[in-house]
Amino acid sequence: DAGVIQSPRHEVTEMGQEVTLRCKPISGHDYLFWYRQTMMRGLELLIYFNNNVPIDDSGMPEDRFSAKMPNASFSTLKIQPSEPRDSAVYFCASTLSWTGELFFGEGSRLTVL
Amino acid sequence: SQKIEQNSEALNIQEGKTATLTCNYTNYSPAYLQWYRQDPGRGPVFLLLIRENEKEKRKERLKVTFDTTLKQSLFHITASQPADSATYLCALVPNTDKLIFGTGTRLQVFP
């Protein structure tokens, strides 16, 4: 298996633009997580899905952030409009059992100017 | 408030020594605790999981302890090597259904 695949790896955009991050989880994994990592706050859980259904989005910073999982092999995290404080590395992770190990993608580094 | 604390200062040790990293938590009653390794520019990679009823878990040169009374986990790397240099993250699974991460401790092993 290729592991969790994220795209793009790097995104530089201007404030106010829409940003879409994409994730392909490992086939067969029932859980998908979106995390954001910054130096100041570390890894923060934004939202997670179970069987394509959002279970907990309490970590989503505000209404500018939205996430979808239209099928078992694809998820998106959208920021509209983006702001400089959204600059961070965004990780997607998946797992078979939610108490088991998480498999992380390589992350999408977002810079908002 | 709920917190997971790892030493924010880097740990520098000499090759061959044992590295010990600490993870302290407050106001959680975790059912599980996990340790991950993260290299620069990469995603975290799972290392070990320990359950609340386990005191110790080993895997090759790695050892993790879990003291629910002290609310602390210790992560040991014996016979450390320069290739062990990375940031190590602890993560706990509280009784609520979330995996919460500490901010990590950077380990530097010098030859």
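The coordinates are above.
Please read all numbers here as calculations on a predicted model, not as lab measurements.

A. Local environment of the interface of chain A and chain B. The interface of chain A with chain B comprises 20 residues on the first partner and 18 residues on the second. Of the roughly 1,600 Å² buried at the junction of chain A and chain B (both faces included), carbon and sulfur atoms supply 55%. Across the chain A-chain B interface, the total number found is 1 salt bridge. For arginine 42 of chain B, the salt bridge is made with glutamate 106 of chain A, and the minimal N-O distance between the two is 2.6 Å. The interface formed by chain A and chain B contains 6 residue pairs in polar contact (both at pLDDT 80 or more). Within the residue set of the side of chain A that touches chain B, elements represented by two or more residues are strand S4 (31-38), strand S5 (42-50) and strand S6 (53-56) of chain A.

B. How the structure looks around the environment of leucine 11 of chain B. Residues and elements named next belong to chain B. Tracing the backbone shows leucine 11 in strand S2 (residues 11-14). Between the C-alpha atoms of leucine 11 and leucine 33, which are 22 residues apart in sequence, the distance is 21 Å. Apart from residues no more than four positions distant in its own chain, leucine 11 is found in contact with Ala19, Thr20, Leu21, Arg106, Leu107 and Gln108.

C. Region of the structure containing the sheet that holds strand S3 (residues 19-26) of chain B. Residues and elements named next belong to chain B. Read across the open sheet, the 5 strands follow the order S1-S3-S8-S7-S6; overall the sheet is antiparallel. One side of each edge strand has no neighbouring strand; the edge strands of this open sheet are strand S1 (3-6) and strand S6 (56-59). Across the sheet, the axes of successive neighbouring strands diverge by a mean angle of 15 degrees, strand direction being ignored.

D. Examining the environment of glutamine 2 of chain B more closely. All names here are of chain B. Residue placement: glutamine 2 occurs in the segment before S1. Along the chain, glutamine 2 and tyrosine 25 lie 23 residues apart, while their C-alpha atoms are 7.5 Å from each other. When sequence neighbours within four positions are dropped, the list of residues in contact with glutamine 2 reads Thr26, Asn27 and Tyr28.

E. Examining the pairing of strand S11 (residues 105-110) of chain B more closely. Residues and elements named next belong to chain B. In S11, alternate side chains face the same way, and those of Thr105, Leu107 and Val109 are buried while those of Arg106, Gln108 and Phe110 on the opposite face are not. Pairing geometry for S2 and S11, over 4 bridges, is parallel. Bridging across to S11, isoleucine 13 finds its partner in valine 109. Across 3 bridges, strand S9 (residues 86-93) lies against S11 in antiparallel orientation. Looking at S11, one finds that alanine 86 is bridged to leucine 107.

F. Structural detail: the layout of surface pockets. Considering only enclosed or pocket space, the largest pocket measures out at about 710 Å³ in volume. Lining the largest pocket are 29 residues, and of these Gln37, Thr38 and Met39 of chain A together with Gln38 and Thr87 of chain B lie nearest its centre. Of all the elements in the fold, those that place two or more residues in the lining of the largest pocket are S4 and strand S9 (88-95) of chain A together with S9 and S11 of chain B. Looking at the lining of the largest pocket element by element, the count peaks at 4 residues for S11 of chain B. Classifying every residue of the lining of the largest pocket by side-chain character gives 9 nonpolar, 14 polar and 6 charged. Along its surface, the second largest pocket is lined by 20 residues, and Leu43, Glu44 and Leu45 of chain A together with Ile100 and Phe101 of chain B are the ones closest to its centre. No other element matches the 4 residues that S5 of chain A contributes to the lining of the second largest pocket. Tallied by class, residues from the lining of the second largest pocket come to 9 nonpolar, 5 polar and 6 charged.

G. Expanded view of the nonpolar core. Residues and elements named next belong to chain B. By size, the foremost hydrophobic cluster in this structure holds 23 residues, and its most contacted members are Leu33, Trp35, Phe75, Ile77, Tyr88 and Leu107. Listed by contribution, the elements that provide at least two residues to this core are S3, strand S4 (32-38), strand S5 (45-51), strand S7 (62-67), strand S8 (72-77), S9 and S11. Beyond its immediate stretch of four places on either side in the chain, isoleucine 77 contacts Lys17, Thr18, Ala19, Arg61, Leu62, Asp84, Tyr88 and Leu107.

Calculation criteria
- Residues numbered from 1 in each chain as written.
- Chains lettered and ligands numbered in written order.
- Predicted model: local features only at pLDDT ≥ 70, side-chain atom pairs only at ≥ 80, totals over all residues.
- Heavy atoms only, no water.
- Contact = heavy atoms within 4.5 Å.
- Buried area = accessible area lost by both parts, 1.4 Å probe.
- Salt bridge = Lys/Arg side-chain N within 4 Å of Asp/Glu carboxyl O.
- Polar contact = N/O pair within 3.5 Å; in protein donor to acceptor, adjacent residues only side chain to side chain.
- Helix = DSSP H or I, 4+ residues; strand = E, 2+ residues; numbered from the N terminus.
- Pairing = 2+ DSSP bridges.
- Axes fitted to C-alpha atoms, helices over the stretch in contact; angles between N-to-C directions.
- Buried < 20%, exposed > 50% of the residue type's maximum accessible area, 1.4 Å probe, protein only.
- 1 Å grid on protein atoms, 1.4 Å probe; cavity = no way out; pocket = protein on both sides within 12 Å on 5 of 7 lines; lining within 4 Å.
- Points joined across faces, edges and corners; volume = space filled by probe spheres on them.
- Nonpolar A, V, L, I, M, F, W, Y, C, P; charged D, E, K, R; others polar.
- Core = buried A, V, L, I, M, F, W, Y, C linked by side-chain atoms within 4.5 Å.

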